[in-house]
Amino acid sequence: MRLIALALLAAGLSGCDAYHYHAGRFHEGRRRSSDALKHYEAFLAHGAADVRAAELHVRAGRIYAGLERCLEARRHYETAAREFPKLEPWAGRAKGGIMSCPDYFPLQAGRSWVYGDSASGGKAMRLEWQVRTSSGLGGLVTQSLYAGAKLYQSSEARYELADWTLWQRDKGGRFPLLNFPYTAGRSWTARRDGRSLRYRIESVDATARTAAGVFKGCLKIRETAAGFSGSWKYDYYCPSVGRALTTVAGSGFENPNTELLSYVR
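Now for a description of the structure that goes with this document. In this text, all values refer to a predicted model and were calculated from it rather than measured experimentally.

### Details of the overall build of the chain
In step 1: Within the chain, the secondary structure is distributed over six helices and 12 strands.
In step 2: With the C-alpha coordinates aligned to their principal axes, the bounding extent of the chain is approximately 70 × 35 × 35 Å.
In step 3: Put simply, the chain has 265 residues, and 45% of those count as buried.
In step 4: When the accessible area of the chain is evaluated, it comes to approximately 13,800 Å², of which 52% is carbon and sulfur surface.
In step 5: When the 38 positive and 25 negative side-chain charges of the chain are each reduced to one mean point, those points stand 2 Å apart.

### Examining the pairing of strand β7 (residues 187-192)
In step 1: Burial along β7 is one-sided: the face carrying Trp188, Ala190 and Arg192 is buried and the face carrying Ser187, Thr189 and Arg191 is not.
In step 2: With six bridges connecting them, β7 and strand β8 (residues 195-210) associate as antiparallel partners. Note that in β8 the partner of Arg192 across the bridge is Arg195.
In step 3: Adjacent in sequence and paired antiparallel, β7 and β8 are bridged by two residues, among which Asp193 carries a positive phi angle near 50°.

### Topic: the state of the cysteines
Disulfides are covalent bonds that connect the sulfur atoms of two cysteines.
In step 1: Taken as a whole and judged by the stated rule, the model has two disulfides.
In step 2: Here Cys70 engages in a disulfide with Cys101; their sulfurs sit 2.1 Å apart. Linking Cys70 and Cys101, the disulfide has an S-S dihedral of approximately -90° and is accordingly described as left-handed. Here Cys70 is found in helix α5 (residues 70-83), whereas its partner Cys101 is found in the loop between α6 (90-99) and β1 (112-117), with 31 residues between them in sequence. The burial state of Cys70 is the same as that of Cys101; both residues are buried.
In step 3: At a sulfur-sulfur separation of 2.2 Å, the disulfide partner of Cys218 is Cys238.

### A look at the pairing of strand β3 (residues 138-147)
In step 1: Counting buried residues along β3, eight of its 10 residues qualify, which places the element largely inside the surrounding structure.
In step 2: Where strand β2 (residues 125-135) meets β3, 10 bridges bridge the pair, whose relative direction is antiparallel. The residue bridging Leu127 from the neighbouring strand is Leu145, located in β3.
In step 3: The turn linking β2 back onto β3 is made up of two residues.
In step 4: Direction of pairing for β3 relative to strand β4 (residues 150-162): antiparallel, over a ladder of 10 bridges. Directly across from Tyr146, in β4, lies its bridge partner Leu151.

### Section: the pattern of salt bridges
In step 1: Under the definition given, this model contains 19 salt bridges.
In step 2: Residue Arg59 is joined to Glu55 by a salt bridge in which the shortest nitrogen-to-oxygen separation is 2.9 Å. Of this pair, Arg59 and Glu55 both sit in helix α4 (residues 52-66), four residues apart, which is roughly one turn of the helix.
In step 3: Exposure remark for Arg59: the relative accessible area of 15% places this residue in the buried category.
In step 4: Note that Arg243 and Asp235 form a salt bridge whose closest N and O atoms lie 4.0 Å from each other. Each member of the pair Arg243 and Asp235 is classed as buried.
In step 5: Among the ionic contacts, a cluster of salt bridges with common partners joins Arg25, Glu28, Glu55 and Arg59.

### Regarding the sheet that holds strand β10 (residues 231-238)
Each strand in a sheet pairs with another by means of backbone hydrogen bonds, the pair being arranged parallel or else antiparallel.
In step 1: With antiparallel pairing, 12 strands are arranged side by side in an open sheet as β6-β5-β4-β3-β2-β1-β12-β11-β10-β9-β8-β7. Each end of this open sheet is capped by a strand with a single partner; those strands are β6 (173-179) and β7. Along the sheet, successive strands turn relative to each other by an average axial angle of 30°, direction set aside.
In step 2: Bridge count between β10 and strand β11 (residues 242-250): eight bridges; the pairing is antiparallel. Along β11, the bridge assignment pairs Lys233 with Val248.

Analysis parameters
- Residues numbered from 1 in each chain as written.
- Predicted model: local features only at pLDDT ≥ 70, side-chain atom pairs only at ≥ 80, totals over all residues.
- Heavy atoms only, no water.
- Helix = DSSP H or I, 4+ residues; strand = E, 2+ residues; numbered from the N terminus.
- Buried < 20%, exposed > 50% of the residue type's maximum accessible area, 1.4 Å probe, protein only.
- Areas by Shrake-Rupley, 256 points an atom, 1.4 Å probe, with all protein chains shown as cover.
- Lys, Arg positive; Asp, Glu negative; His and termini not counted.
- Charge placed at Lys NZ, Arg CZ, Asp CG, Glu CD.
- Pairing = 2+ DSSP bridges.
- Disulfide = S-S within 2.5 Å.
- Salt bridge = Lys/Arg side-chain N within 4 Å of Asp/Glu carboxyl O.
- Axes fitted to C-alpha atoms, helices over the stretch in contact; angles between N-to-C directions.

Next up, the structure:
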């Protein structure tokens, strides 16, 4: 502690901005979010042109995002992305932060989800997901599919945020799962397992009713395969939860197919 105090004193003597930079890092490292934010905001009020501002905008954005205060988080992320568009890794992390608040696809290490078929409540089919490793812009997810009590298949997929897109990469290749900005009517295309797929955001304020709970403010995304215009599926991605519900639909109907049974944040 004495060495840290001496370092902060030296930073203070070398300049106000340096002091706020190091003091903020010190408090953030000890999970004193409010104190860290005070120093980051003080630095940014005077040192906006300093290259360290990109880092502190991202750090402040992460703290606000952790508090689920997305308006403040996006303000910092957007400033970093706009003012320092080529300064890596902060520019890339800022873009990832913009896409992740609200976080519709959490990828923090240790997160896990259990899904089951809606008809039997998971007794016939169960899918378990777990984030094994994580970085600021992606993560590795292991997947275990059970038929009844028997393990049927194990696999893994890597997810990454790049180019304003959430990409899924597995043995089938790489394809765009979510595409920013998340606005109703936005659409994109992909090829998956030899099929042409079209995605469209139908709603940004949908409600998903599942065995794990009722989740609001969800993205409702329609997936249509080429040649199957008479039927499609919907995936519901919910803030701080991830994918919560998959339904099958067509003209005049929508039925639950797979839903979230439980999850660990």
